[in-house]
Amino acid sequence: GQVFEVAMTNINANFTANFSNLSLANGYCTTITLVLKQGSTGYYPSALQLGGQAQTYNTVWFWQGGSTPSGTANKRDVVAYSITNINNAYTTYAQLISFG
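What counts, and where the lines are drawn
- Residues numbered from 1 in each chain as written.
- Predicted model: local features only at pLDDT ≥ 70, side-chain atom pairs only at ≥ 80, totals over all residues.
- Heavy atoms only, no water.
- Helix = DSSP H or I, 4+ residues; strand = E, 2+ residues; numbered from the N terminus.
- Rg over C-alpha atoms; globule rule 2.2 N^0.38 Å.
- Buried < 20%, exposed > 50% of the residue type's maximum accessible area, 1.4 Å probe, protein only.
- Contact = heavy atoms within 4.5 Å.
- Core = buried A, V, L, I, M, F, W, Y, C linked by side-chain atoms within 4.5 Å.

J.: Whenever I open this one, the overall build of the protein confuses me. Can you help?
T.: Helix and strand counts for the protein come out as 0 helices and 8 strands. Relative to a compact globule of 100 residues, whose C-alpha radius of gyration would be 13 Å, the protein shows 13 Å and is just as compact. The C-alpha extent of the protein, read off along each of the three principal axes, is 40 × 25 × 20 Å. When burial is assessed residue by residue, the protein has 33% of its 100 residues classed as buried. Considering only contacts within the protein whose residues lie at least 6 apart along the sequence, 72% involve residues at least 24 apart.

J.: Sorry if this is basic, but what is going on with the nonpolar core here?
T.: The nonpolar side chains of soluble globular proteins are, as a tendency, buried together. Counting 19 residues, the largest nonpolar core has Phe19, Leu34, Leu48, Val79, Tyr81 and Ile83 as the members making the most contacts within it. Only strand S2 (15–19), strand S3 (28–37), strand S4 (45–50), strand S6 (61–63), strand S7 (76–86) and strand S8 (89–99) provide two or more residues apiece to this core.

J.: Can you walk me through unusual backbone geometry in this structure?
T.: With the exception of glycine, the majority of residues adopt a negative phi angle, and the majority of peptide bonds are in the trans configuration. Located in the positive-phi region is Asn58, a residue other than glycine, with phi close to 70°. Here Asn58 lies in the loop between strand S5 (53–54) and S6. Of note in the backbone geometry, Asn87 takes a positive phi value of approximately 55° without being a glycine. Its place among the elements puts Asn87 in the loop between S7 and S8. For Asn87, a relative accessible area of 67% gives the class exposed.

If you want it as structure tokens, here you go:
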């Protein structure tokens with residue numbers, strides 16, 4: 001897996017998480033984690049792209065609990081993506097957990 005930390009000064013709106021260099025062979029999975037240092041307003045990745053291709057929520061991209069979470073002001077939010085490649089099709093399971 002990979003971990004990317006996004007500094008709070010870079011987060012000023014909801015954003016697209018674009019994992020452009022994802023190379024995942026058929027039958028494998030990986031986990032990518034974002035650590036978001038939130039400011040006075042919490043933001044979250046509202047869209048997902050894998051290799052520049054948009055992923056559709058509730059078709060190939062699922063949030064834990066079935067609905068999109070919100071960012072948490074003045075906290076650290078950790079967004080974890082579990083990405084599978086089965087039959088050469090990606091499926092992503094995402095969760096947001098707040099710390100602090």
